[in-house]
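Descriptive analysis of the structure
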Amino acid sequence: MASQSAHLADRKGTGPVATAALRLGFLALILLAWALAARHAPPGLFASPVAVAKAGIGLASSGKLWPALAASLQVYLVGTGLAVMFGGALGIAMGIWPALGRTLDIYVNALAATPRVAFIPLIIVLLGLGLEAKVLIVFLGAVMPIVLNAHAGVQAADPDLLEMAASTGASRGRILWHVILPGAVPFLITGIRIGSTIGLINTIVAELYTAISGLGGLLAVYGSRFQMAEYLAVVIVLALIGVGMTEALRLVSQRLMRWRDV
Amino acid sequence: MALNATDRLELSGVSLTLGDQPVLQDLTLATGRGEVLVVLGPSGCGKTSLLRLMAGLVEPGSGTVALNDAPPVPGHGIAMMFQSYRLLPWKTVAANVAFALPDLPRAQREDRVSEVLHLVGLERFADRYPAALSGGMRQRVALARALAPRPDFLLMDEPFAALDAQARELMQAELLRLVGASGGPGVVFVTHSVDEALVLGDRIILLSPRPGRIITDMAVPFARRPDPHDHPDYPALRRTLWERLRQAVLTDPASDFYRPG
Ligand SMILES: Nc1ncnc2c1ncn2[C@@H]1O[C@H](COP(=O)(O)OP(=O)(O)OP(=O)(O)O)[C@@H](O)[C@H]1O
Ligand SMILES: [Mg+2]
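How each quantity is defined
- Along each chain, residues carry numbers from 1 onward, in the same order as the chain's sequence is written.
- Going through the entries in the order they are written, you letter the chains from A and number the ligands from 1.
- Restriction of local features to residues with pLDDT of at least 70 applies here, the model being predicted, together with a cutoff of 80 or more for giving and counting side-chain atom pairs; totals for whole chains, interfaces and linings are based on all residues.
- Note: side-chain values were computed over all heavy atoms of the structure, leaving out hydrogens and water.
- UniProt positions are given in the numbering used here, feature names are shortened, and annotations may be inferred rather than shown by experiment.
- Here the term patch refers to residues with relative accessible area over 30% and no salt bridge, with like charges joined within 9 Å and nonpolar side chains (Val, Leu, Ile, Met, Phe, Trp, Tyr) within 5 Å.
- Where accessible areas are quoted, they stem from the Shrake-Rupley method and a 1.4 Å probe; at the residue level, only the protein chains shown are allowed to cover.
- The rule for a salt bridge is simple: a side-chain nitrogen of Lys or Arg has to be within 4 Å of a carboxyl oxygen of Asp or Glu.
- Where helices and strands are cited, they refer to DSSP runs of H or I of at least four residues and of E of at least two residues respectively, numbered from the N terminus.
- Domains are outlined according to an automatic or database domain assignment.
- We call two residues in contact when some of their heavy atoms are within 4.5 Å.
- Summed over both partners, the accessible surface that disappears when two parts come together, traced with a 1.4 Å probe, is what is meant by buried area.
- What qualifies as a polar contact is a pair of N or O atoms within 3.5 Å, subject to a donor-acceptor requirement within protein and to the restriction that residues adjacent in sequence count only when both atoms come from side chains.
- When DSSP finds two or more bridges between two strands, those strands count as paired.
- All axes here are fitted lines through C-alpha atoms, helices being fitted over the stretch that makes contact, and every angle between N-to-C directions spans 0 to 180 degrees.
- By convention in these notes, a residue is near a molecule or strand provided one of its non-hydrogen atoms lies within 4 Å of it.
- Think of it as three bins: nonpolar holds Ala, Val, Leu, Ile, Met, Phe, Trp, Tyr, Cys and Pro, charged holds Asp, Glu, Lys and Arg, and polar takes everything else, Gly as well.

The name given to chain B in an unreviewed UniProt entry is ABC transporter ATPase, and the organism recorded there is Gemmobacter aquaticus. Quoted verbatim from the Sequence similarities (unreviewed entry) field of the UniProt record, the comment on chain B reads "Belongs to the ABC transporter superfamily."

By the naming in an unreviewed UniProt entry, chain A is ABC transporter permease, taken from Gemmobacter aquaticus. Turning to chain A, the UniProt annotation filed under Sequence similarities (unreviewed entry) states: "Belongs to the binding-protein-dependent transport system permease family."

Structure representation (structure tokens):
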């Protein structure tokens, strides 16, 4: 409907095509600045966009990139996925049972404020250097913001809607599913977005601090040999993973929050 | 209006204290299916609390509340409607109405939803989300949701107060049409407005400032007439009610308008 698309365009300021064009323009600016910086930097410290692109193609075609990417994605997605399930469930439970929330709140906050790198030696002692240790490092990084936001989302449930639901005789489960959880979606998405960012960082940290592997392993290798083109190509792959995750979450939240744009 | 002997909502000697505040004091009253009972009273006198008691959402400190001789259970024979529409924004109009029908099998539920949406004239909007509707339409969805489970009693807490004057008058007429139909529920209708009380009520009770007590309980002589405003008794009755309400407020030390002496 004409009136509806006009109203949507108003809210977002620009249409999707214009947004894409602006983004591409900005990318061109970055590449230009990068190319200029690379030309003036001392050789060996930096690489030009063209060199990085060539290095990236080389990594992909030589077959070095894919096993590393697969290993990193496995650690990242398993760790973050477990954090979403466990953190979401714990945060929601803390919101539903206020006594549990009050009891655990202080510990969750304390743990969230502790640099998780501090746990790595302990984790290595407990789980060794393999996949389990890496997944746990990612999990610990990603889980706290998810718990905290899920908890906040349940606590933010609208008391007017809760009373309405109670007045219809709705069961606790029905109230949870139809009233509390849909209202908590924006909080859950925010928690997952923050958690998955920390999860990606911790993936690299885990790959550097435990058995060297994955994209973190490639960074260690190329960094120590000053192969800046390859090194930057890996950095760009990491950035692309981050962008992919953010976009996926944006799509999910758009789908879940359709009711806002009517 | 004749009261149907089968469905009765009764309070006897009901008092309610919230925190350390006495909110309602020694209320005794009964209403039945078919009656529109209007509850009028100053701000904070306990009108909403009275509806919560009737709905079974809170228990009285003393006295008894009974729907057909048993304590009321939320969702069983009683439906509520609120000033803010309280629609679930993430559900369509049809799903919001269906929310009040958890126990019906799917096919019956869908039939009942379209039936009540038709009743309030919103069947064309069944698939819309509340954000796309006007205030008057949202309140009609809330009315449809309340009517869907065929309650014996409909408890309405200033339901039209947020609407503009036109929408309010149209909704008042619509409400009278719906509850006037045979098999319509009994209605307990809370309002601040003396005019709304006189237009809608078969009977009006006036509550004192907190703790709320019944200070007036009267039948409306021109109830359900097409143009109540034009009835010869209307101005005198309006003046009487308004004067009592005013006195109650002016002599209440907790009120902003209190005048000692
Ligand atoms: N949980 C509570 N604890 C203590 N006092 C409360 C509580 N809930 C309500 N009250 C008080 O009880 C009184 C009655 O509240 P209630 O909402 O029933 O009044 P009301 O007549 O509906 O008011 P309004 O005209 O503003 O809608 C108010 O003075 C309110 O401050
Ligand atoms: Mg009230």
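From this point on, the discussion continues.
1. Some words on a nonpolar patch on the surface
Among the surface-exposed residues, A:Phe26, A:Leu29, A:Ile30, A:Leu32 and A:Leu36 lie close enough to one another that they form a single nonpolar patch of about 510 Å² accessible area. Its place among the elements puts A:Phe26 in helix 2 (residues 16–40).

2. Brief notes about the domain arrangement of chain A
Residues and elements named next belong to chain A. As assigned here, chain A comprises domain 1 (1–40) and domain 2 (47–261). Measuring from the centre of the C-alpha atoms in domain 1 to the corresponding centre in domain 2 gives 27 Å. Between domain 1 and domain 2, the contact holds six residues from the first and eight residues from the second. Of the roughly 540 Å² buried between domain 1 and domain 2 on both sides combined, carbon and sulfur atoms contribute 63%. Across the domain 1-domain 2 interface, the total number found is one residue pair in polar contact (both at pLDDT 80 or more).

3. Considerations on the sheet that holds strand 2 (residues 21–32) of chain B
Residue and element names in this part refer to chain B. Taken in spatial order, the three strands of this open sheet run 2-1-4, and their pairing is antiparallel. The open sheet terminates on both sides in strands that have one partner only, identified here as strand 2 and strand 4 (62–67). Each strand axis lies, on average, 20° off the axis of its neighbour in the sheet, ignoring direction. Pairing of strand 1 (residues 8–18) with strand 4, which is carried by five bridges, proceeds in the antiparallel orientation. Paired with Leu9 across the bridge in strand 4 is Leu67.

4. So, the site of ligand 1
Residue and element names in this part refer to chain B. Not every one of the 13 residues close to ligand 1 is listed here, only the nearest: Gly44, Lys47, Thr48, Ser49 and Arg210. The contact in question runs from an oxygen atom of ligand 1 to an N or O atom on the backbone of Lys47, over 2.8 Å. Ser49 places a polar side-chain atom, nitrogen or oxygen, 2.5 Å from an oxygen atom of ligand 1. Summarising the interface, the protein chains cover 62% of the accessible area of ligand 1, which totals 640 Å² for the free molecule. Among the elements that make up the shell around ligand 1, the one with the highest residue count is helix 1 (residues 47–55) (three residues). Residues of the shell around ligand 1, tallied by class, amount to three nonpolar, seven polar and three charged.

5. Points about the interface of chain A and chain B
Put simply, an interface is often sized by how much accessible area is lost when its parts join up. Of the residues lining the interface, 18 residues belong to chain A; the matching set on chain B comes to 22 residues. For the chain A and chain B pair, buried surface summed over both sides reaches about 1900 Å², with 67% attributable to carbon and sulfur atoms. Three residues stand out in chain A for area buried against chain B, namely A:Glu163, A:Met164 and A:Trp259, and they jointly supply 31% of the buried area on that side. Our count for the contact surface shared by chain A and chain B stands at three salt bridges. A salt bridge links B:Arg86 to A:Asp160; the nearest nitrogen and oxygen atoms lie 3.5 Å apart. Counting every contact that joins chain A to chain B gives seven residue pairs in polar contact (both at pLDDT 80 or more). Broken down by secondary-structure element, the contributors of at least two residues to the side of chain A that touches chain B are helix 8 (159–167) and helix 9 (172–209) of chain A. The element best represented in the side of chain A that touches chain B is helix 8 of chain A, accounting for seven residues. When the residues that make up the side of chain A that touches chain B are grouped by side-chain class, the tally is nine nonpolar, five polar and four charged.

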